[in-house]
Amino acid sequence: MCFRPAVVNMPIECPNCHKKIPVVGGVKQKKCPHCGTDLTSVTAAAPSAPSAPGAPAAPSAPSAPGAPRAPHDAPSAPHAPSGTTDKKD
Ligand SMILES: [Zn+2]
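Residues numbered from 1 in each chain as written. Predicted model: local features only at pLDDT ≥ 70, side-chain atom pairs only at ≥ 80, totals over all residues. Heavy atoms only, no water.

J.: What is the right way to read the overall build of the protein from this model?
T.: Looking only at helices and strands, one finds zero helices and two strands in the protein. Here the protein, with 89 residues, has 8% of them falling under the buried criterion. Across the protein, contacts joining residues at least 24 apart in sequence account for 25% of those joining residues at least 6 apart. Accessible surface for the protein amounts to roughly 8,100 Å². Of this, 60% is attributable to carbon and sulfur atoms. (Helix = DSSP H or I, 4+ residues; strand = E, 2+ residues; numbered from the N terminus. Buried < 20%, exposed > 50% of the residue type's maximum accessible area, 1.4 Å probe, protein only. Contact = heavy atoms within 4.5 Å. Areas by Shrake-Rupley, 256 points an atom, 1.4 Å probe, with all protein chains shown as cover.)

J.: Looking at this structure, I do not really get the coordination of the zinc ion. What am I missing?
T.: Ideal geometry at a metal gives 109.5 degrees between four tetrahedral donors and either 90 or 180 degrees between six octahedral ones. Within the protein, the zinc ion binds to C14 (SG), C17 (SG), C32 (SG) and C35 (SG); these donor distances fall in the range 2.2 to 2.3 Å. Each donor residue of the zinc ion lies on the same chain, and together they follow the pattern C-x2-C-x14-C-x2-C. Residue classification places C32 among the buried positions, given a relative accessible area of 5%. The exposure class of C35 is partly exposed, given its relative accessible area of 34%. (Donors = N, O, S within 2.8 Å, 3.2 Å for Na, K, Ca; no water.)

J.: Would you mind going over the pattern of salt bridges with me for this structure?
T.: Working definition: two side chains of opposite charge can pair if their charged atoms are close together. According to the stated counting rule, one finds one salt bridge in the structure shown. One salt bridge in this structure joins E13 and K20, with 3.1 Å as the shortest N-O distance. A residue is classified by how much of its surface remains accessible, and E13, at 28% relative accessible area, is partly exposed. (Salt bridge = Lys/Arg side-chain N within 4 Å of Asp/Glu carboxyl O.)

In short, geometric facts, not functional conclusions.
Structure, rendered in structure tokens:
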């Protein structure tokens, strides 16, 4: 086999519980098996060093297609119809 991956399987670190999650076959866990933190935006356990100031921040690329994205906004409670006052004696 001539093909050799340049990088070995580096474990990723959970940003929440700081547990090392092994990357098997280049496939990382989508969620932390320990605390359930979303790991889709977590890369290898390397310190994020802003070496390129001025570089545009890359938007969160959907590296894991099919992964359900949790909605940011919680469903708001339904409004009470205007005019209806709380008059309950
Ligand atoms: Zn965790």
